[in-house]
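# Residue-level structural notes
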Amino acid sequence: MHSLLSTLQDEISKYTDSIAGITGTDVEIIDNNLIRIAGTGRYRYMLNQDVSNNGHIYRHVLQVQKTILIEDPKENSLCQLCQNRLTCTEELDLNAPIFLNNQVIGVIGIICSNREQKMFLMKQKQAFISFIEQFSQMISSRIFECLERLREQERFGTFRNLIDVMDRGVIAIDSLGKIWHANLSALRFFDCELIGQSLDIDMTGDILYGDEEAWLILNQQRYHVLCKKITFSSVDNDQLTMVIFHDARNYMTQVNALSVDENPHSPLIGNSQKMLHLKSMLSKVAVSHASVLITGESGSGKEVVAYTIHQQSLRTKQPFITINCAAIPEQLLESELFGYVRGAFSGADPKGRIGKFELAHGGSLFLDEIGDMPLHLQAKLLRVLQEKSITRVGSNNMINIDVRIIAATNKDLREMVNKGQFREDLFYRLNVVPIHTPALRDHREDIAELAQFFADDLASTYQRPAAKIPNVVINYLYSYDWPGNIRELRNVIEYMYVMQGDTADLNLSHLPPYLLVSTNTDIIEKEMTLEIYNYEKRKYEINSHKKNKKENLKTQIQQSEYQMIKQVLDTTGHTLEGKKKAAKILGISIATLYRRIKE
């Protein structure tokens, strides 16, 4: 059976969208037959459904014919018979009857689905109650008449007050494109008087984060926004439009806050000749706009070099965005770089998403492991560098971008070009200024300073007093070859802090076992080489001393030999493995070692 409200379903649906956009909550309208006429959020897809089995609150409002506020639906007695009580996610329900000629023809409900919405509503409870009751009156006296009355500030004071406290901008526009109402957020956004001004709306057609992308044009200035545009038609074909919007740039950056690299980076540390040369080069490169290609082994500090360039450039106050081309699956890398709109591909976020290039607009984009970028994306990246514009996946709109590209790789891109694995034209576009980060083993002079920097940083992380790393530990660090470079050094220092426990100071026992064995062997070999030399020298001197008897010579040689073998075995251990190590250090076979031991 059709109800009065069902005849105005399209217009009522627009009202629920408007209310939801203003309040940030979900909204439902139920007729007197307990049929859902309109809804937002998850209720949008359940229109014309009978809610009599679970709509106990709506049934009660229809009976008592007054506004009802339910602060905790799951605990309220009206909801005890509801089939969905145990799985209900509603935090608050505010419901008001819709009257027509003193008869209740339906119910309008505001639904809070989280505690933030609930707290916001409760802070202005009376205003929200007045607001929902006035909307009930507007629906009962036809939707288009109510919108015209929005101009009358005295009659709709509550409505306008609610609009004014919203963090979104809200503008109401008449059929001539003139602004007749704007909330405080809109006034702050445009920073000028709006009432009576002409406003043009240029929709791009892209939908991002559930809103439509648009340019608002005011006084020949273009403003980039994400918005909801709701248009109402009156009986004489006049149109009234409400625009509820965010600043696109600010909103998209907030949504992607985890992507914007605001973490502090380690400074470039070291005063070796190689590091001083690198720092000098970076100071010159930073002030240019040229693309940079950083090469070097994994863990050698390429991202720190990239961030240093950004920090010393004129873009330092703009975003520094990083993306690891090797860490993202090939099929997702394009959408991560360029973003995508709603419905761009299967499995995509239905709200759409902007990419790293847009996030980095005005700043720097660091493309780490560029050598792992697929060839088809290399072609698109080349086009972006040439045209300075991007197109989101699933969209046809060109978006101008101003981004400095800093790329890095631990691969030989020239060799990859020769093998057809990397585009030659892209290589030369990126390699305008080549920078090489030296391996840690090539500037060992900086190990002590780097290690102490990491130790001081980790002391703060682990809430321990800063302490100087002892020289004996530094000596071991110097002796290691560091295949993992600076990243491995930091991991070793953190390992020491983990192993330190309640010990007062760091010492050799806190070093990783693999490093102890490796460096210990190097040190032992150097010490034992000296011992063997001294032994051979003593042996020669004894044999050359003609006055000593042969037996005395033999005894002294054997004693020296004994002392040397004992010292090596005490160091390497008397196990089979220890004896093998000792034989290697002494430069003799294991059989000879056993024979000497027996003698």
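First, a word on what this report is: a plain description of the structure on this page. (Residues numbered from 1 in each chain as written. Predicted model: local features only at pLDDT ≥ 70, side-chain atom pairs only at ≥ 80, totals over all residues. Heavy atoms only, no water.)

## Details of the sheet that holds strand β5 (residues 103–112)
Within the open sheet, the five strands sit side by side as β2-β1-β5-β4-β3. Their pairing is antiparallel. In this open sheet, the two strands that pair with only one neighbour each are β2 (36–39) and β3 (68–70). For this sheet, the mean angle separating the axes of adjacent strands, direction not counted, is 20°. Strand direction decides the pairing type here: strand β1 (residues 26–31) and β2, joined by three bridges, are antiparallel. (Pairing = 2+ DSSP bridges. Helix = DSSP H or I, 4+ residues; strand = E, 2+ residues; numbered from the N terminus. Axes fitted to C-alpha atoms, helices over the stretch in contact; angles between N-to-C directions.)

## Structural notes on the sheet that holds strand β18 (residues 433–436)
Here five strands make up an open sheet; going across it, the order is β13-β14-β17-β12-β18 and the pairing parallel. Looking at strand neighbours, the two that pair on one side only are β13 (320–324) and β18, the edges of this open sheet. Pairwise comparison of adjacent strand axes, ignoring direction, gives a mean angle of 20° for this sheet.

## Section: the packing of helix α1 (residues 9–23) against helix α4 (residues 125–140)
One way to put it is that α1 packs onto α4 with a least axis distance of 12 Å and a crossing angle of 165°. With respect to α4, the element α1 is oriented roughly antiparallel. At the point where α1 passes α4, the crossing takes the right-handed sense. Facing Ile12, Tyr15, Ile19 and Thr23 of α1, the residues of α4 in contact are Phe128, Phe131, Phe135 and Ile139. For the contact of α1 with α4, the residue count by class is seven nonpolar, one polar and no charged. (Parallel < 35°, antiparallel > 145°, perpendicular 65-115°, else oblique. Left-handed = near helix turned anticlockwise from the far one by under 90°. Contact = heavy atoms within 4.5 Å. Nonpolar A, V, L, I, M, F, W, Y, C, P; charged D, E, K, R; others polar.)

## A look at the pairing of strand β7 (residues 179–182)
Pairing between strand β6 (residues 169–173) and β7: three bridges, direction antiparallel. Bridge pairing in β7 places Ile173 opposite Ile179. Here β6 hands over to β7 after five residues, with Gly177 in that stretch at a positive phi of 80°.

## Some points on the nonpolar core
Core analysis: the biggest nonpolar cluster contains 38 residues, and Phe357, Leu365, Leu367, Ile370 and Phe422 have the highest contact counts within it. Counting residues per element, this core draws most heavily on helix α13 (residues 375–387), at five residues. Counting 27 residues, the second-largest nonpolar core is a separate cluster that includes Ile12, Ile37, Ile105 and Phe131. (Core = buried A, V, L, I, M, F, W, Y, C linked by side-chain atoms within 4.5 Å. Buried < 20%, exposed > 50% of the residue type's maximum accessible area, 1.4 Å probe, protein only.)

## Concerning helix α18 (residues 485–500)
A rise of 1.5 Å per residue sets the reference length of α18, with its 16 residues, at 22 Å; its end C-alpha atoms lie 23 Å apart and thus fit the reference within 8%. Within the span of α18, buried status applies to Asn485, Ile486, Glu488, Leu489, Val492, Ile493, Met496, Tyr497 and Gln500. With its phi angle positive at about 60°, Gly501 sits one or two positions after the end of α18. (Expected span 1.5 Å × (residues − 1).)

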